[in-house]
Amino acid sequence: MRQKINLDTMSDIKEFVDIVSLIQEPVFIEDGQGSRVTAKSLMFTATAKMYWADLYVTCEKDISGSILKWII
């Protein structure tokens, strides 16, 4: 599963990381160029938001129900 997401505020980022941290499968944040970091890290997710124009979340499992708030 790959979904484009929008994380506007630090509160969004923290809530997003808290939710995906509960998922057993690996969850990643990617940019449009193939770079990726773990979505379960507040630091990595916040850094990705600062430096990447577009954010995508990827996971082997469909987690869209858990992250619906941020899906564009």
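Structure first, text after, so check above.
Residues numbered from 1 in each chain as written. Predicted model: local features only at pLDDT ≥ 70, side-chain atom pairs only at ≥ 80, totals over all residues. Heavy atoms only, no water.

Asks: Run through the pattern of salt bridges, naming residues and quoting values.
Replies: Inspection of every chain in the model, using the stated rule, returns five salt bridges. Here Lys4 makes a salt bridge to Asp54, at a shortest N to O gap of 3.2 Å. On the criterion of sequence distance, the pair formed by Lys4 in strand β1 (residues 2-5) and Asp54 in the loop between α2 (42-51) and β4 (55-59) is long-range, its members being 50 residues apart. On the accessibility criterion, Lys4 (31% relative accessible area) is partly exposed. Among the charged side chains, a salt-bridge network with shared partners connects Arg2, Glu30 and Arg36. (Salt bridge = Lys/Arg side-chain N within 4 Å of Asp/Glu carboxyl O. Helix = DSSP H or I, 4+ residues; strand = E, 2+ residues; numbered from the N terminus. Buried < 20%, exposed > 50% of the residue type's maximum accessible area, 1.4 Å probe, protein only.)

Asks: Lay out the packing of helix α1 (residues 10-20) against α2 with the relevant residues and their values.
Replies: Any two packed helices are characterised by how steeply their axes cross, that is the angle between the axes, and by the distance between the axes. At a minimum axis separation of 10 Å, α1 and α2 run at an interaxial angle of 135°. On the basis of their axis angle, the class for α1 and α2 is oblique. When you trace α1 past α2, the crossing you get is right-handed. Two secondary-structure elements touch here, α1 through Met10, Ile13, Lys14, Phe16 and Val17 and α2 through Leu42, Thr45, Ala46 and Lys49. Its residues placed into classes, the contact of α1 with α2 shows six nonpolar, one polar and two charged. (Axes fitted to C-alpha atoms, helices over the stretch in contact; angles between N-to-C directions. Parallel < 35°, antiparallel > 145°, perpendicular 65-115°, else oblique. Left-handed = near helix turned anticlockwise from the far one by under 90°. Contact = heavy atoms within 4.5 Å. Nonpolar A, V, L, I, M, F, W, Y, C, P; charged D, E, K, R; others polar.)

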